[in-house]
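Residue strings, one per chain:
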Amino acid sequence: MKTRILGTQGLEASALGMGCMNLSFGTGKAVDINEGIKVIRSAYKKGITFFDTAEAYGPFTNEELVGESLKPFRKEVVIATKFGMISDTGINSKPEHIRKVVEASLKRLQTDYIDLLYQHRVDPNVPIEDVAGTIKDLIQEGKVKYFGLSEAGAETIQRAHEIQPVSAVQNQYSIWTREPEVKVLPLCDALGIGFVPWGPIGTGFLTGKITPDTKFDSDTDLRAAFPRFTSEAIRANMPVVELLTKIANRNNATPVQIALAWLLAQKPFIVPIPGMDKIEYLDDNIKSAAVELSIKDLQEIEEGLAKITFQGARLNGGLLGLSEE
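Residues numbered from 1 in each chain as written. Predicted model: local features only at pLDDT ≥ 70, side-chain atom pairs only at ≥ 80, totals over all residues. Heavy atoms only, no water.

Now for the packing of aromatic side chains. Taken as a whole, this structure holds nine aromatic pairs when the rule is applied. A ring pair is formed by Trp176 and Phe229, whose centres lie 5.8 Å apart and whose planes are at 90 degrees; its orientation type is edge-to-face. Placement of Trp176 in the loop between β8 (166-170) and α6 (184-191) and of Phe229 in the loop between β9 (194-195) and α7 (231-250) is noted, with a sequence separation of 53 residues between them. Using a relative accessible area of 5% as the deciding quantity, one classes Phe229 as buried. An aromatic cluster is defined as three or more aromatic residues linked by ring pairs; in this entry it consists of Trp176, Phe205, Phe216, Phe229 and Phe310. Positioned over the ring face of Tyr113 is Arg74, at 4.1 Å from the centre of the ring. The positively charged end of Arg223 is found above the aromatic ring belonging to Phe229, 5.9 Å away from the centroid. (Phe/Tyr/Trp six-rings, centres within 6.5 Å; stacked < 30°, edge-to-face > 60°. Helix = DSSP H or I, 4+ residues; strand = E, 2+ residues; numbered from the N terminus. Buried < 20%, exposed > 50% of the residue type's maximum accessible area, 1.4 Å probe, protein only. Lys NZ or Arg CZ within 6 Å of the ring centre and 35° of its normal.)

Tracing the backbone through its elements, the reader meets Asn285 in helix α9 (residues 279-286). Setting aside chain neighbours within four positions, we find Asn285 in contact with Leu16, Val256, Leu260, Pro274, Gly275 and Met276. (Contact = heavy atoms within 4.5 Å.)

This next bit is on the UniProt feature "domain: NADP-dependent oxidoreductase" (unreviewed entry) in the chain. Residues given the UniProt feature "domain: NADP-dependent oxidoreductase" (unreviewed entry) here are residues 16-303. When the span residues 16-303 is considered, its composition is 41% helix and 11% strand, and the gap between its end C-alpha atoms is 26 Å. (UniProt positions renumbered as here; feature names shortened; annotations may be inferred.)

Okay, the packing of helix α8 (residues 255-266) against helix α10 (residues 295-306) next. Axis separation between α8 and α10 bottoms out at 12 Å; the angle between their running directions is 105 degrees. The orientation of α8 relative to α10 falls into the category roughly perpendicular. Across from Ile258, Trp262, Ala265 and Gln266 in α8, the residues of α10 making contact are Leu298, Ile301 and Glu302. Here the residues of the contact of α8 with α10 are counted per class, giving five nonpolar, one polar and one charged. (Axes fitted to C-alpha atoms, helices over the stretch in contact; angles between N-to-C directions. Parallel < 35°, antiparallel > 145°, perpendicular 65-115°, else oblique. Nonpolar A, V, L, I, M, F, W, Y, C, P; charged D, E, K, R; others polar.)

Here the focus is the layout of surface pockets. Looking at the largest pocket, its volume works out to about 1100 Å³. Along its surface, the largest pocket is lined by 48 residues, and Met21, Asn22, Thr27, Thr203 and Gly275 are the ones closest to its centre. Broken down by element, the lining of the largest pocket gets its largest block of residues, three residues, from α9. For the lining of the largest pocket, the class distribution of residues is 22 nonpolar, 16 polar and ten charged. (1 Å grid on protein atoms, 1.4 Å probe; cavity = no way out; pocket = protein on both sides within 12 Å on 5 of 7 lines; lining within 4 Å. Points joined across faces, edges and corners; volume = space filled by probe spheres on them.)

Here we come to α6. Note that an α-helix has 3.6 residues per turn; residues three or four places apart therefore point the same way. Residues Val184, Leu185, Leu187 and Cys188 constitute the buried set of α6. Along the axis of α6, the buried positions cluster into a sector of 160 degrees, meaning they face one direction only. (Arc of directions from axis to C-beta.)

Time to look at the pairing of strand β2 (residues 11-14). As paired strands, strand β1 (residues 3-6) and β2 are joined by four bridges and run antiparallel to one another. Bridge pairing links Ile5 to Glu12 in β2. Connecting β1 to the antiparallel partner β2 that follows it, the hairpin turn spans four residues, and Gly7 within it adopts a positive phi of roughly 80 degrees. (Pairing = 2+ DSSP bridges.)

Bringing the pairing of strand β6 (residues 114-119) into the picture now. Remember that side chains alternate between the two faces of the sheet whenever the strand is regular. Counted residue by residue, β6 has six buried out of six residues, so it is predominantly covered. In the sheet, strand β5 (residues 78-83) pairs with β6 via four bridges, with the strands oriented parallel. Looking at β6, one finds that Phe83 is bridged to Gln119. Taking the sense of rotation as the criterion, the β-α-β connection linking β5, helix α3 (residues 95-108) and β6 turns out right-handed. Direction of pairing for β6 relative to strand β7 (residues 144-150): parallel, over a ladder of five bridges. From the neighbouring strand, Gln119 faces β7, where its bridge partner is Leu149. Between the parallel pair β6 and β7, the chain is carried across by helix α4 (residues 128-140), and the sense of this crossover is right-handed. (Right-handed = clockwise from strand over helix to strand, strands pointing away.)

This paragraph deals with the nonpolar core. By size, the foremost hydrophobic cluster in this structure holds 99 residues, and its most contacted members are Met18, Ile40, Phe50, Phe51, Phe195, Phe205 and Ile258. In terms of residue count, α7 provides more of this core than any other element does, eight residues in total. If near-sequence neighbours (up to four positions away) are discounted, Met18 is found in contact with Leu23, Val39, Ile40, Ala43, Ile48, Phe50, Phe51, Asp52, Ile273, Pro274, Met276 and Leu282. (Core = buried A, V, L, I, M, F, W, Y, C linked by side-chain atoms within 4.5 Å.)

Put into structure tokens, the structure is as follows:
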């Protein structure tokens, strides 16, 4: 597995990371903890060194799973986690709350430092300068190594970066969610900030395994409330799967591998973190790092996407309201 550098501070990560959330939460029932450990450790053995979690996933159980799974090789991996999306009062990035969350996350992750700490969602009630200043202090104390922002807009990123260098921005980005290309990606390029796309395979849609008949359990699957995952929207958006399948067949690859290879081809500072809750998904996704899309492939994808108007918002109204993108 090749590596990439996130940010000017030199955070090195495998070119493809692992989103650990859906082992515990978000796209169906949580897996058995022993199975989760097996999947995460298999990812490490196959070359992935960048693992993403958050206190909000579960909540808390995903950090516990990641901590237990990576304990035997803690020094060889990069663990990213997040604060600020959940509290007794909802979104909360008050400095004292950040410190409280960091102490709890360190215990759940069974470590004495967090490699990459993201603000999970921007808190409109706390100046981003106060957030960045708190992370700067935590870095000086050795509890955190690098600072990140999630679902932040360009202005927030710029302001935060002036206080403490931002190493990575984690926003939703894929072939069918390209909002970051307008302002955030150009800013990251200009400032030397890494970019970590979440949902890089369209929260599962770009696998080609979701059909208009697919049902999502509203008790365990967030997609049940996403407008882009209604039967009508799925049917309308199928041309993107057909496009990926066409390119995949020409490259002896799968639609997932093309979707991830497309992201990797956009910028050298992009490290996607697909969610992988089965070992067979690991094998499929990891191969994307070796797929080299030709200029013809990339042009054909752009031309094909220009003919598609995606139906349905990328998230439900509540989650979109927490995003600056």
